[in-house]
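Okay, here's what each chain looks like letter by letter:
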Amino acid sequence: SGACPVGVRGFKSHPLHFIRTYGSDNSLIEFGLWLLRKGNRESTVERKLKYLRELKGSPEQMFTQILAKDWSDKCKELALETVRQYAEFLGISVQKPSFRAYDNKELYVPNPSMVKQLVYRIRSLQLRAAVMLAIETGASASEVWRLTWKDVNLQNKTVTITGVKGHRTRQYNISNELVTLLMQLPKKGERIFSFKQARYFNDALWKYRNILAKETGNMDFLKIHFHTFRHFAISWFYFKTKDVVETQRFARHCNIQNTLRY
């Protein structure tokens, strides 16, 4: 369950931007534009082109390379579908390998010592504050990314998380350490975090988890994504309270069935 390929810059749905990004690789440029015409969103096209830049050879050889990669199952599934689409674009008939992506029914939750190691390895104040917000509130990456300074009361040590994707809105108490971190962040705009997109939290996090996996020999660090901190927060809350209803309120789940997964 390793990381997906390293990201590339977006292309803003414009052929000239494609050329600047991919240079003389006409096949990628044309394939990206083909995907856009097929109705793929810009972010989806960007992700699919990332996979192709990691692969070489014929579509069949690409399939083999994907299955051998240390990527998460969901990444492999999307990569396989990308190669199938690329073959269609080239006019080549291929049979995509049968591959069942991990359905996330069993959530990976790191132990507290791993989380602590990771938090204190992070040098970026912005990223550390974002991770601690997720740990203390169970907020998702998009919820953390959307936070504004109006959502935080540093004097009362509270933060209000506005729910997205079926999550309710709730106010949380935050630690003195997190308050201190937030006070050190520059106030350059309405939003607390300057990351251009929520997914960049993951891009920044991969560096630190990879370092820790190498230094400690604990490959479980590679299983950690930003959303893992939400799983950790909710699981740890239930461990301490043994109260499903209170855990549902903490997690801001509209449907208790989502809480029972923990």
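The structure under discussion appears in the preceding block.
The rules we used
- Residues numbered from 1 in each chain as written.
- Predicted model: local features only at pLDDT ≥ 70, side-chain atom pairs only at ≥ 80, totals over all residues.
- Heavy atoms only, no water.
- Helix = DSSP H or I, 4+ residues; strand = E, 2+ residues; numbered from the N terminus.
- Buried < 20%, exposed > 50% of the residue type's maximum accessible area, 1.4 Å probe, protein only.
- Contact = heavy atoms within 4.5 Å.
- Polar contact = N/O pair within 3.5 Å; in protein donor to acceptor, adjacent residues only side chain to side chain.
- Pairing = 2+ DSSP bridges.
- Expected span 1.5 Å × (residues − 1).
- Core = buried A, V, L, I, M, F, W, Y, C linked by side-chain atoms within 4.5 Å.
- Salt bridge = Lys/Arg side-chain N within 4 Å of Asp/Glu carboxyl O.
- Axes fitted to C-alpha atoms, helices over the stretch in contact; angles between N-to-C directions.
- Parallel < 35°, antiparallel > 145°, perpendicular 65-115°, else oblique.
- Nonpolar A, V, L, I, M, F, W, Y, C, P; charged D, E, K, R; others polar.

Visitor: What's the story with the environment of Glu 177 in this structure? I'm lost.
Guide: With respect to the element layout, Glu 177 can be found in helix H9 (residues 176-184). Classification of Glu 177 as partly exposed rests on a relative accessible area of 34%. Each C-alpha atom of the pair Glu 177 and Ala 129 lies 9.3 Å from the other, and the pair is 48 residues apart in sequence. If we skip the residues at most four places from it in the chain, Glu 177 touches Tyr 120 and Met 132. Here Tyr 120 takes part through its side chain, which lies 2.9 Å from a polar atom of the side chain of Glu 177.

Visitor: Help me out: how do you make sense of the sheet that holds strand S3 (residues 170-173) in this one?
Guide: As a general point, the strands of a sheet are linked pairwise by backbone hydrogen bonds and lie either parallel or antiparallel. Sheet architecture is open: three strands sit in the order S1-S2-S3, paired in antiparallel fashion. At either margin of the open sheet sits one strand with a lone partner, and together these are strand S1 (152-153) and S3. Bridge count for S1 against strand S2 (residues 158-161) is two bridges, and the pairing is antiparallel. Along S2, the bridge assignment pairs Val 152 with Val 159.

Visitor: It is not clear to me how helix H5 (residues 73-90) should be interpreted in this structure. Could you clarify?
Guide: One turn of an α-helix holds 3.6 residues; hence residues three or four places apart share an orientation. With 18 residues, H5 should cover 26 Å at 1.5 Å per step; its first-to-last C-alpha distance of 26 Å lies within 8% of that length. Of the positions making up H5, those classed as buried are Cys 75, Lys 76, Ala 79, Leu 80, Thr 82, Val 83, Gln 85, Tyr 86 and Ala 87. In this fold, the buried residues of H5 make contact with helix H2 (26-37), helix H3 (42-53) and helix H4 (59-68). Of the residues flanking the end of H5, it is Gly 91, one or two places downstream, whose phi is positive at about 80 degrees.

Visitor: Looking at this model, I keep getting lost on the nonpolar core. Mind explaining?
Guide: Across soluble globular proteins, you tend to see nonpolar side chains buried next to one another. If you look at the biggest cluster of nonpolar residues, it comprises 49 residues, and the most contacted ones within it are Val 131, Leu 182, Phe 193, Phe 201, Phe 226 and Phe 229. Of all elements in the fold, only helix H6 (112-121), helix H7 (125-137), helix H8 (141-145), S2, H9, helix H10 (200-216), helix H11 (228-241) and helix H12 (244-251) reach the threshold of two or more residues within this core. A total of eight residues in this core trace back to one element, the largest contributor, which is H7. Each residue touching Leu 182, except ones within four places of it in the same chain, is listed here: Ala 129, Leu 133, Trp 149, Val 152, Leu 154, Ile 174 and Ile 192.

Visitor: When you look at the pattern of salt bridges in this model, what are you seeing that I'm missing?
Guide: For side chains of opposite charge, pairing can occur when their charged atoms come near one another. Counted under the stated rule, the structure contains eleven salt bridges. Residues Arg 84 and Glu 88 are paired through a salt bridge, measuring 3.4 Å at the closest nitrogen-oxygen approach. Placement of the pair is Arg 84 and Glu 88 together in helix H5, with a separation of four residues, close to one helical turn. Take Glu 88: its relative accessible area is 40%, and that puts it in the partly exposed class. Salt-bridge contacts for Arg 252 lead to Glu 143; the nearest nitrogen and oxygen are separated by 2.9 Å. Placement of the pair is Arg 252 in the loop between H12 and helix H13 (256-260) and Glu 143 in helix H8, with a sequence separation of 109 residues. Arg 252 gets classed as buried once you look at its relative accessible area, which sits at 1%. Residue Glu 143 is classed as buried on the basis of its relative accessible area, which comes to 2%. A single network of salt bridges, built from pairs that share partners, joins Lys 38, Glu 77, Glu 81, Arg 84, Glu 88 and Lys 96.

Visitor: Explain the packing of H4 against H5 to me, please; I cannot follow it from the model alone.
Guide: For any two helices packed against each other, one specifies the inter-axial angle together with the distance between the axes. Here H4 crosses H5 at 175 degrees, and the two axes come no closer than 10 Å. As judged from the angle between their axes, H4 and H5 are roughly antiparallel. Every residue of H5 that contacts H4 at Pro 59, Met 62, Phe 63, Ile 66 and Leu 67 is listed here: Lys 76, Ala 79, Leu 80, Val 83, Arg 84, Tyr 86 and Ala 87. Looking at the contact of H4 with H5, its residues break down into ten nonpolar, no polar and two charged.

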